[in-house]
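# Chain and residue survey
Given next are the chains, with one letter for each unit.
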Amino acid sequence: MSQHARIVILTGAGVSAESGLATFRAHDGLWEQHRIEDVATPEGFVRNPQLVQNFYNQRRAQLSSVVPNQAHQALARLQREWPGDVMLVTQNVDDLHERGGSPQVIHMHGELLKARCVESGQVVAWLNDITAETRCACCKPAAILRPHIVWFGEIPLHMEHIYTALGQADLFISIGTSGNVYPAAGFVAEARRHGALTVEFNLEPSEQRSLFQQANYGPAGETLPGWVDRLLKEPTKW
Ligand code: APR
């Protein structure tokens, strides 16, 4: 039994903001520019698949022009150097945690750099655009591919694994999420219910602010690195 704290980390769009990726609910956020029902629901995909593909093609293409920031790198350091268990769960679909050095990332809302066959459900790595003509390689006749993204109304990925970790967590750290979208917004309550210390890093207090016992407000690229360094220096005094 490790005597070191078991840590669960949850990130949201705010952790990638300083890398230049748009968040969702800011004044210039993605949901100010696009209707969720048009680009992030199964019904929207049936209604106008090319509009949905274009939305994700643009976001996928943007990844090649952004780099991880100090918040991604601090979390990767924590995962690599912490003597106990660490689970990193992200709501983000970008690959910046991986490129920032994180050895393990659980994408509960899917990944931009993967595509999914609508018939077989098979998931494949995918770097380029998906168009109306793009077909899978797993079915006969070939079926269409969709972005490997969890849309509103669909079930997030890896939930059993995540809830098991939340039930055992000693320390729950939330970074860069507004706490608006469940089930992720309920993770802090779940961790707290099992006795975890809960810490929020956000630009401003999130919807779940009252459930965090500690809070560090400001850009995560500025607030997180020093906090992680202090934690790593004294791993039994968290
Ligand atoms: N550092 C820390 N926090 C930041 C920064 C930053 N540099 N910039 C923005 N934030 C905070 C904002 O204050 C906001 O609370 O990040 C949060 C981003 O909130 P949202 O835009 O709502 O994004 P998120 O919480 O990740 O959304 C959750 O909603 O639409 C769905 O699937 C989508 O995964 C997404 C989910």
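Residues numbered from 1 in each chain as written. Predicted model: local features only at pLDDT ≥ 70, side-chain atom pairs only at ≥ 80, totals over all residues. Heavy atoms only, no water.

For residues other than glycine, phi is negative in most cases, and the peptide bonds are mostly trans. Pro141 follows Lys140 through a cis peptide bond whose omega is -5 degrees. You can see Pro141 is positioned in the loop between strand S5 (123–125) and strand S6 (145–149). Cis peptide bonds are those with omega within 30 degrees of zero, and the linkage from Tyr182 to Pro183 qualifies with 5 degrees. Relative to the assigned elements, Pro183 resides in the loop between strand S7 (171–175) and helix H8 (187–193). (Helix = DSSP H or I, 4+ residues; strand = E, 2+ residues; numbered from the N terminus.)

Here we take up the packing of helix H5 (residues 70–81) against helix H9 (residues 220–233). Where H5 contacts H9, the two axes come as close as 8 Å, and the packing angle between them is 20 degrees. By the angle class used here, H5 and H9 are roughly parallel. You can see that H5 and H9 cross each other, and the crossing is left-handed. Seen from H5, the contacting residues are Gln70, Ala71, Ala74, Leu75, Arg77, Leu78 and Glu81; seen from H9, they are Ala220, Gly221, Leu224, Pro225, Val228, Asp229, Leu231 and Leu232. For the contact of H5 with H9, a count of residues per class yields ten nonpolar, two polar and three charged. (Axes fitted to C-alpha atoms, helices over the stretch in contact; angles between N-to-C directions. Parallel < 35°, antiparallel > 145°, perpendicular 65-115°, else oblique. Left-handed = near helix turned anticlockwise from the far one by under 90°. Contact = heavy atoms within 4.5 Å. Nonpolar A, V, L, I, M, F, W, Y, C, P; charged D, E, K, R; others polar.)

This brings us to the UniProt feature "binding site: Zn(2+)" (unreviewed entry) in the chain. Within this numbering scheme, the UniProt entry marks Cys117 and Cys136 as carrying the feature "binding site: Zn(2+)" (unreviewed entry). In sequence the annotated residues extend across 20 residues, while in space they remain close, none of their C-alpha pairs exceeding 6.0 Å. Tracing the backbone shows Cys117 in strand S4 (residues 110–117). Assessed through its relative accessible area of 1%, Cys117 is described here as buried. If sequence neighbours within four positions are ignored, Cys117 has contacts with Gln122, Cys136, Cys138, Cys139, Ala143, Ile144 and Leu145. Its location among the elements puts Cys136 in the loop between S5 and S6. You can call Cys136 buried: its relative accessible area is 8%. Residues in contact with Cys136, not counting those within four places in the same chain, are Cys117, Ala142, Ala143 and Leu145. (UniProt positions renumbered as here; feature names shortened; annotations may be inferred. Buried < 20%, exposed > 50% of the residue type's maximum accessible area, 1.4 Å probe, protein only.)

Before going further, it helps to spend a moment on the nonpolar core. Of all hydrophobic cores here, the largest spans 24 residues; its most connected members are Ile7, Ile9, Leu78, Ile173, Ile175, Leu224 and Trp227. Within the residue set of this core, elements represented by two or more residues are strand S1 (7–11), H5, strand S2 (86–90), S7, strand S8 (197–202) and H9. Counting residues per element, this core draws most heavily on H9, at six residues. (Core = buried A, V, L, I, M, F, W, Y, C linked by side-chain atoms within 4.5 Å.)

Within a regular strand, the side chains alternate between the two sheet faces. In terms of burial, S4 is largely enclosed, as six of its eight residues are buried. With four bridges joining them, S4 and S6 adopt antiparallel strand pairing. Across the sheet, Ala115 pairs through a bridge with Pro147, a residue of S6. In the sheet, S4 pairs with S5 via three bridges, with the strands oriented antiparallel. (Pairing = 2+ DSSP bridges.)

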